[in-house]
Amino acid sequence: MRIAYVLPLKWQDSAGDAEMTAYLESLPEWADVTVVDGSPDPVFAQHHRLWRQRVQHLRPDGPATPNGKVQGVLTGLRHARHERVVIADDDVRYTPESLALVAELLEQAELVRPQNYYEPLPWHARWDTARSLLNRAFASDYPGTLAVRRSVLLQAQGYRGDVLFENLELIRTVQAAGGREITADGVYVRRLPPTLRHFAGQRVRQAYDSQTQPVRLTVELLLLPLLLVLVRRPVACSALAATAVVLAEAGRQRAGGTQVFDTCAALWAPLWLLERAVASWIALAWRCAGGVPYSGRRLRTAASSLAALRRRLSHLNLGEPNDEQGTDGDRDLPQRAVAGARRL
């Protein structure tokens, strides 16, 4: 089975060229790679010289979107040569084995959501890992990579490009189109840690993403008032911190997470909760001011609701996804596929 691999990027310099070139060369031959490159002309030209023999290297085309990554993804989907498509940020690093497993799971559903982990682990990557662990304690994390059946998004006429949380928008668009999702919590895909500057810039933006998840937003907004009430009660504060650590450790233990998540990762959960308690209110202020600053403009919407997407797609005649193999096999058992992944 051949798959398409879509990698949208926009780099201001060539500092990461050597590492990215080595990564692209490590991908298996059965993955047809499309790099959609929005970099400035000199950087694009350098990339083209390095990568044109191995990948399909393109400029973004079609309508421009306020969130530029969406334009890159949609360009890649239009030019992809296969029904099964893996979409990955430029810091995601698949192995041939993890790529094959995600492609295999895509036979069981229209969308697969694997789990990212950071390697190496500078202190700020450990801090951000606590967010992933808490997400896993209650549901599933949101990675920088998804696998999707191309026909679902093409039939849905793409997905909104004026939202901040574009991965959730893509997930919900597939769901609204009738697609099934596998949350493959046991399929681990490495991710390079961000720079410290990028990490700092993402604190409030990540909090802004919660504005499309009302229950989560309510809980996060209540954190700061709760901490202000408990600030003079050290025992209660200690109990709250311990609860956060226990929950994060539960997320680390799920689906073989101890294989990839650092033993001390859960200890960073109280610091992350403190960060989110403050950042949620800053994000709310940004919302009231017209949206979160992004690439010289403001994005007001984090992501569309599932109900709104279903209304938008209701007039489309959405058929069954294509299948290059002619059959989907045991398509009604996605949970079995997930369980199998967890044993790895």
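Residues numbered from 1 in each chain as written. Predicted model: local features only at pLDDT ≥ 70, side-chain atom pairs only at ≥ 80, totals over all residues. Heavy atoms only, no water.

Asker: Tell me about the overall build of the protein chain, and please be specific about residues and values.
Answerer: Of the regular secondary structure elements, the protein chain holds 14 helices and 10 strands. The C-alpha atoms of the protein chain give 20 Å as radius of gyration, which agrees with the globular expectation for 344 residues (20 Å, within 12%). Each principal axis of the C-alpha atoms in the protein chain carries an extent, and together these give about 60 × 45 × 45 Å. Going through the 344 residues of the protein chain one by one, you find that 52% of them count as buried. Carbon and sulfur atoms make up 57% of the accessible area of the protein chain, which totals about 15,600 Å². Charge separation in the protein chain, taken as the distance between the mean sites of 42 positive and 36 negative side-chain charges, equals 7 Å. (Helix = DSSP H or I, 4+ residues; strand = E, 2+ residues; numbered from the N terminus. Rg over C-alpha atoms; globule rule 2.2 N^0.38 Å. Buried < 20%, exposed > 50% of the residue type's maximum accessible area, 1.4 Å probe, protein only. Areas by Shrake-Rupley, 256 points an atom, 1.4 Å probe, with all protein chains shown as cover. Lys, Arg positive; Asp, Glu negative; His and termini not counted. Charge placed at Lys NZ, Arg CZ, Asp CG, Glu CD.)

Asker: Which residues make up the environment of Gly 290, and what values go with them?
Answerer: Within the secondary structure, Gly 290 sits in the loop between helix H12 (269–288) and strand E9 (292–294). Note on Gly 290: relative accessible area 29%, which makes it partly exposed. C-alpha of Gly 290 to C-alpha of Arg 300: the two residues are 10 residues apart in sequence and 5.9 Å apart in space. In this view, Gly 290 contacts Arg 298 and Arg 300; residues no more than four positions away in its chain are not counted. (Contact = heavy atoms within 4.5 Å.)

Asker: Which residues make up the packing of aromatic side chains, and what values do they have?
Answerer: Given two aromatic rings, their pairing is described by the distance between the two centres and the angle made by the two planes. All told, the structure shown has 9 aromatic pairs when counted by the stated rule. With a centroid separation of 6.4 Å and 85° between ring planes, the pair formed by Trp 11 and Trp 51 is classed as edge-to-face. Placement of Trp 11 in the loop between strand E1 (3–9) and helix H1 (17–26) and of Trp 51 in helix H2 (residues 41–51) is noted, with a sequence separation of 40 residues between them. Exposure class is identical for Trp 11 and Trp 51. Each is buried. Ring centres of Trp 123 and Trp 127 lie 6.1 Å apart, and the angle between their planes is 65°; on these two criteria the pair is classed as edge-to-face. With a gap of 4 residues between them, Trp 123 and Trp 127 both fall in helix H5 (residues 123–138), about one helical turn apart. With relative accessibility at 43%, the residue Trp 123 sits in the partly exposed group. Joined through ring pairs, the aromatic side chains of Trp 123, Trp 127, Phe 199 and Trp 268 make up one cluster. Against the face of Tyr 23 rests Arg 93, its NZ or CZ located 4.6 Å from the ring centre. Sitting over the ring of Phe 199, Arg 203 keeps its end group 4.0 Å from the ring centre. (Phe/Tyr/Trp six-rings, centres within 6.5 Å; stacked < 30°, edge-to-face > 60°. Lys NZ or Arg CZ within 6 Å of the ring centre and 35° of its normal.)

Asker: Residues and numbers for the pairing of strand E2 (residues 31–37), please.
Answerer: Regular strands show a simple pattern: their side chains alternate between the two faces of the sheet. For E2, a buried count of 7 out of 7 residues is recorded, marking the element as mostly surrounded by other parts of the structure. With burial as the criterion, each face of E2 is covered, one bearing Ala 31, Val 33, Val 35 and Asp 37 and the other bearing Asp 32, Thr 34 and Val 36. The pairing of E1 with E2 spans 7 bridges and is parallel. Each bridged residue has a counterpart across the sheet, and for Leu 7 the counterpart in E2 is Val 35. (Pairing = 2+ DSSP bridges.)

Asker: Explain the pairing of strand E8 (residues 181–191) residue by residue, including any values.
Answerer: Across the 11 residues that make up E8, a large majority, 9, are buried. Both strand E5 (residues 92–93) and E8 contribute to a ladder of 2 bridges, which runs antiparallel. By the bridge assignment, Arg 93 is partnered in E8 with Arg 190. Bridge count for strand E6 (residues 111–118) against E8 is 7 bridges, and the pairing is parallel. By the bridge assignment, Arg 113 is partnered in E8 with Thr 183.

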